[in-house]
Amino acid sequence: MRVLALAGALAAVGAFAIDLREGQGGNFTLDEARAFEEYPLAYAGEEVDGLPLTAILRREDTARYVSFVYGDCAAQSDGGCAPPAEVQVWPAGARNLGSYDLSGPGAPVPEPTRIRGVPAAFVGETQLELYAPGATVVVFAHTRERAVAIANELRCVRAGARPRDGPLTC
């Protein structure tokens, strides 16, 4: 499956649109995330860059990932709003550099780099993808600097250890 349409939609509104004013917390708990075994999960802890973890969402429909939402936002319409930061974790085969169709006009061109000891890429200005063993971790933030800062705080959900000092492997 190509994720170009998905990437374009995400870039347009941030990671996803949700109204967190009512403290919605998502459809997945931290305990459920810790017990999750389908693919390795990483998150930035219960707070990152001054932003609290406000929701955990698990998608199993047209997309398949677990999302950790940081901060809140107030929707200006029924379309929701993009939170200040989000960490999505996808199974490795579902999202990778080969997922992007670069042939369309305005298609995002991934900018390869290496972060936390794993191959990574910026897709657009503020989306950072880390291609870790077993999973792709996508960091959405309002600035590239915040995305890198959040990537440097990623840790394994199950172990809870701070892997900042080493490569991102869960």
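Each value, and the rule that gives it
Residues numbered from 1 in each chain as written. Predicted model: local features only at pLDDT ≥ 70, side-chain atom pairs only at ≥ 80, totals over all residues. Heavy atoms only, no water. Helix = DSSP H or I, 4+ residues; strand = E, 2+ residues; numbered from the N terminus. Buried < 20%, exposed > 50% of the residue type's maximum accessible area, 1.4 Å probe, protein only. Phe/Tyr/Trp six-rings, centres within 6.5 Å; stacked < 30°, edge-to-face > 60°. Lys NZ or Arg CZ within 6 Å of the ring centre and 35° of its normal. Arc of directions from axis to C-beta. Contact = heavy atoms within 4.5 Å. Core = buried A, V, L, I, M, F, W, Y, C linked by side-chain atoms within 4.5 Å. Polar contact = N/O pair within 3.5 Å; in protein donor to acceptor, adjacent residues only side chain to side chain. pLDDT = per-residue confidence, 0-100. Pairing = 2+ DSSP bridges.

J.: I keep staring at unusual backbone geometry and nothing clicks. Help me out?
T.: The bulk of non-glycine residues show a negative phi, and the bulk of peptide bonds are trans. Positive phi values are uncommon outside glycine, yet D49 reaches one of about 50 degrees. Structurally, D49 can be placed in the loop between β3 (47-48) and β4 (51-60). When its relative accessible area of 42% is taken as the criterion, D49 is described as partly exposed. Notably, R116 is not glycine yet its phi reads approximately 60 degrees, a positive angle.

J.: What exactly am I supposed to notice about the packing of aromatic side chains here?
T.: Geometrically, a pair of aromatic rings is defined through the distance of the ring centres and the angle of the planes. One pass over the structure, following the stated rule, counts four aromatic pairs. Aromatic side chains F36 and Y39 sit 5.0 Å apart centroid to centroid with 85 degrees between the ring planes, which places their arrangement in the edge-to-face category. Comparing F36 with Y39, the two get one shared label, buried. Considering the side-chain rings of Y43 and F68, the 5.4 Å spacing of their centres and the 45 degrees angle between planes classify their relative orientation as tilted. Of this pair, Y43 sits in strand β2 (residues 42-43) while F68 sits in strand β5 (residues 64-70), placing them 25 residues apart in sequence. For the pair Y43 and F68, one class covers both residues: buried. Seen from the ring of F122, R144 lies directly overhead, with NZ or CZ sitting 3.8 Å from the centre.

J.: Any chance you could explain helix α3 (residues 144-151) here in plain terms?
T.: An α-helical turn contains 3.6 residues, so a residue and the one three or four places further along point in the same direction. What α3 keeps buried is the set R144, A147, I150 and A151. In an axial view of α3, the angular spread of the buried residues amounts to 125 degrees, which keeps them on one side of the axis. Buried residues in α3 make contact with β3, β6 (85-91), β7 (111-115), β8 (118-123), β9 (127-132) and β10 (135-141).

J.: I'm lost on the nonpolar core in this one. Help?
T.: Generally speaking, soluble globular proteins have nonpolar side chains that are buried together. In terms of nonpolar packing, the biggest core is built from 35 residues, with L41, F68, Y70, V87, L128, L130 and L154 touching the most fellow members. Element by element, the count of residues in this core is highest for β10, at four residues. Counting residues in hydrophobic clusters, the runner-up holds five residues, among them A63, Y65, W90 and F140.

J.: How should I be thinking about the side chain of R144 in this particular structure?
T.: As for its placement among the helices and strands, R144 is situated in helix α3. A polar contact is formed between the side chain of R144 and the side chain of E111, at a distance of 3.2 Å. Residue contacts for R144: discarding those within four places in its chain leaves E111, F122, G124, E125 and T126.

J.: Mind showing me how you'd approach the environment of Q127 here?
T.: Turning to its location among the elements, Q127 is positioned in strand β9. For the pair Q127 and A141, spaced 14 residues apart in the sequence, the C-alpha separation amounts to 6.7 Å. Apart from residues no more than four positions distant in its own chain, Q127 is found in contact with R95, Y100, A121, F122, V138, V139 and F140. One polar contact links Q127 to E129, side chain to side chain, over a distance of 2.8 Å.

J.: Explain the confidence of the model for the protein chain to me, please; I cannot follow it from the model alone.
T.: Caution applies to low-pLDDT parts of the model: their predicted coordinates are not meant to be read in detail. On average, the protein chain scores 79 in pLDDT, and the residues at 70 or more come to 78%. Low pLDDT (under 50) marks residues 1-23, which in the prediction has 59 contacts with non-local residues, meaning those over four places away or in another chain.

J.: Is there a simple way to explain the pairing of β10 in this structure?
T.: Here is the key point about a regular strand: its side chains alternate between the two faces of the sheet. Within β10, seven of the seven residues are buried, which leaves the element mostly enclosed by the surrounding structure. Alternating positions in β10 separate into two faces, A135, V137, V139 and A141 on one and T136, V138 and F140 on the other, with burial throughout. Here β6 pairs with β10 via seven bridges, running antiparallel. For V89, the partnering residue across the bridge sits in β10 and is V137. In this structure, β9 lies alongside β10, joined through six bridges in antiparallel fashion. Note on β10: the bridge partner recorded for Y131 is T136.

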